[in-house]
Amino acid sequence: MRHQPGRHFLQIPGPTNTPLPVLAAIARPTIDHRGPAFGKLGREVLAGIKTIFKTEKPVVIYPASGTGAWEAALVNTLSPGDKVLMFETGWFATLWNKMATKLGLAPEFLHGDWRSGVDADAIEARLAEDRTHAIKAVCVIHNETSTGVASNIAAVRRALDRAGHPALLLVDTISSLGSIDYRHDEWGVDVTVGGSQKGLMLPPGLSFNAVSDKALAASKKAKLPRSFWDWEEMIASNQTGYFPYTPATNLLQGLKVALEMLHAEGLDEVFHRHDRAAEATRRAVRHWGFEIQCRSPGECSSSLTAVRLSEGHSADALRAEILARCNMSLGNGLGPLADTVFRIGHLGDFHDLMVTGTLTGVEIGLKARGIPHKSGGVEVAMTYLAGNTGALAAAA
Ligand SMILES: Cc1ncc(COP(=O)(O)O)c(C=O)c1O
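Heads up: these notes are all about the structure in this document. All of these numbers come straight from a predicted model, not from anything done at the bench.

## Some words on the overall build of the chain
So, step 1. Scanning the chain for helices and strands turns up 14 helices and 14 strands.
So, step 2. The C-alpha atoms of the chain give 21 Å as radius of gyration, which agrees with the globular expectation for 396 residues (21 Å, within 12%).
So, step 3. Dimensions of the chain, computed from the C-alpha atoms along their principal axes, are close to 60 × 55 × 50 Å.
So, step 4. Scored against the burial criterion, the 396 residues of the chain give a buried share of 56%.
So, step 5. Within the chain, contacts between residues at least 6 apart in sequence are counted, and of these 74% link residues at least 24 apart.
So, step 6. By element, 56% of the accessible surface of the chain is carried by carbon and sulfur atoms, the whole surface being about 15,900 Å².
So, step 7. Averaged over its 40 positive side-chain charges, the chain has a centre that lies 2 Å from the centre of its 40 negative ones.

If you want it as structure tokens, here you go:
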């Protein structure tokens, strides 16, 4: 393959750019996962990760991608044939729903339009009808990565409470954790599913379950078969900082540094940085004259923006052009959104120049492919960013 000069811009909505200090930590020699140095590392990351989920409860760390943590959430809490209520926010909600069926659960999928978030009223109405409490869990995606829509999880919690329903609440935060505010304990979530490769700024390979007391109690009675994913042995070993099987030692070395970076910046500042990047991106997209996949401004994701290209133009051809010319990867449209939508990732380790650089790459691609648009989206984004200094304003 031809060498492409210049630094690659990885602007897909995860995996994200891994910062150099994290890469350096991962590149350190592998250590004995039963030795004292590992125990210290284990205790540090197991405690540190709780602050990101905003929980005091155990967070289980798997050497797996996010899909593994989805499975762990289901098999630890549920029994064959259990009804689960899921909401169709987009591609990832659809995949989790398919997994539930494959595992022998009976998921009910509330229909969505792939342009909005979870309809908490619809959840409440369905739960209120379920007088026998046959529904054992409600499963929703906090930030639907296929559409760039972020749902209101506190509203989903209120829906369960108003319906007086005892179902567990399971939430996927794979593309919001460490990018958009999330509160496992305050929002009464029972299992939160996370992944390493997005807001946590690590490569793929770690995933998480934050586990409430209620979920832990449910796991004692749950009958779905599980072994690798079993919380019981994990949580018992984790008390001393160790794992029941070989953990991803080098990724955990990276996680320690990533957590230090997030804490040093401050989570609120991290979220604010994502909000600004998202707003700058949306302003550019609207200026170009394209629609944003997320219909309601209040639900637009701060970690990615899905852009609907005008009819008759291929989003995949545009992405290919941008990759060839600018050495930049953008996210593709998933499922029914294939080739009509492209996704701009603005999450993880980035600053204003990377946001405007990304938008510049898109604008070059639009011009190169002759896709009609109003020139100057990057200028609009720059003007917005210059007037919203974020951390600099706080420091001044
Ligand atoms: C919201 C969401 N859920 C689940 C997944 C699946 O995670 P993984 O691909 O790490 O298995 C992804 C992946 O991008 C995602 O964005």
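Having seen it, we continue.
## Some words on the site of the ligand
So, step 1. Around the ligand, the neighbouring residues are Ser65, Gly66, Thr67, Trp70, Phe92, Ile141, Asn143, Thr145, Asp172, Ile174, Gln197 and Lys198.
So, step 2. The separation between an oxygen atom of the ligand and a polar side-chain atom of threonine 145 is 2.5 Å.
So, step 3. Between the ligand and glutamine 197, the relevant distance is 2.8 Å, taken from an oxygen atom to a side-chain nitrogen or oxygen of the residue.
So, step 4. Relative to its free-state accessible area of 390 Å², the ligand is covered by the protein chains to the extent of 86%.
So, step 5. Sorting elements by how many residues they give to the shell around the ligand places helix H3 (residues 66-77) first, with three residues.

## As for the pairing of strand S12 (residues 304-308)
So, step 1. Counting buried positions along S12 yields four of five residues, so the element is predominantly enclosed.
So, step 2. One ladder, built from five bridges, connects S12 with strand S14 (residues 341-345); its direction is antiparallel. Note on S14: the bridge partner recorded for valine 307 is phenylalanine 342.

## Thoughts on the sheet that holds strand S3 (residues 83-87)
So, step 1. Read from one edge of the open sheet, seven strands run S2-S10-S9-S8-S5-S3-S4, paired in mixed fashion. Among the strands making up the open sheet, the edge pair consists of strand S2 (59-62) and strand S4 (106-110). The average angle at which neighbouring strand axes cross in this sheet is 20 degrees, direction not considered.
So, step 2. Here strand S9 (residues 191-195) pairs with strand S10 (residues 207-211) via five bridges, running antiparallel.

## A few points about the pattern of salt bridges
So, step 1. With the rule as written, the count across this model stands at 22 salt bridges.
So, step 2. Where arginine 126 meets glutamate 108, a salt bridge forms, and the shortest distance between an N and an O atom there is 2.6 Å. Placement of arginine 126 in helix H5 (residues 120-129) and of glutamate 108 in strand S4 is noted, with a sequence separation of 18 residues between them.
So, step 3. Residue class for arginine 126 comes out buried when judged on its relative accessible area of 18%.

## Describing the sheet that holds strand S13 (residues 328-332)
So, step 1. Taking strand neighbours across the sheet as the criterion, the five strands line up as S1-S13-S14-S12-S11 in an open arrangement whose pairing is mixed. Sheet topology places strand S1 (9-11) and strand S11 (291-292) at the edges, where each strand pairs with a single neighbour.
So, step 2. Across two bridges, S11 lies against S12 in antiparallel orientation. Bridge pairing links glutamate 291 to arginine 308 in S12.
So, step 3. Contacts from helix H11 (residues 315-326) reach S13 and S14 within the one sheet, and its direction differs from that of S13 by about 165 degrees.

## Observations regarding the environment of aspartate 130
So, step 1. Looking at where aspartate 130 falls in the secondary structure, it is placed in the loop between H5 and strand S5 (135-141).
So, step 2. Judged by its relative accessible area of 7%, aspartate 130 falls in the buried class.
So, step 3. Not counting residues within four places of it along the chain, the set of residues in contact with aspartate 130 comprises Ile135 and His165.
So, step 4. Only 3.0 Å separates the side chain of aspartate 130 from the backbone nitrogen of alanine 134, close enough to count as a polar contact.

## Observations concerning the nonpolar core
So, step 1. Ranked by size, the top nonpolar core spans 63 residues in total, and within it Ile49, Ile61, Trp96 and Leu255 carry the most contacts.
So, step 2. When neighbours within four sequence positions are excluded, isoleucine 49 is seen to be in contact with Val59, Ile61, Leu200, Phe208, Leu255 and Leu259.

Calculation rules
- Residues numbered from 1 in each chain as written.
- Predicted model: local features only at pLDDT ≥ 70, side-chain atom pairs only at ≥ 80, totals over all residues.
- Heavy atoms only, no water.
- Helix = DSSP H or I, 4+ residues; strand = E, 2+ residues; numbered from the N terminus.
- Rg over C-alpha atoms; globule rule 2.2 N^0.38 Å.
- Buried < 20%, exposed > 50% of the residue type's maximum accessible area, 1.4 Å probe, protein only.
- Contact = heavy atoms within 4.5 Å.
- Areas by Shrake-Rupley, 256 points an atom, 1.4 Å probe, with all protein chains shown as cover.
- Lys, Arg positive; Asp, Glu negative; His and termini not counted.
- Charge placed at Lys NZ, Arg CZ, Asp CG, Glu CD.
- Near = heavy atom within 4 Å.
- Polar contact = N/O pair within 3.5 Å; in protein donor to acceptor, adjacent residues only side chain to side chain.
- Pairing = 2+ DSSP bridges.
- Axes fitted to C-alpha atoms, helices over the stretch in contact; angles between N-to-C directions.
- Salt bridge = Lys/Arg side-chain N within 4 Å of Asp/Glu carboxyl O.
- Core = buried A, V, L, I, M, F, W, Y, C linked by side-chain atoms within 4.5 Å.

By themselves these figures say nothing about function.
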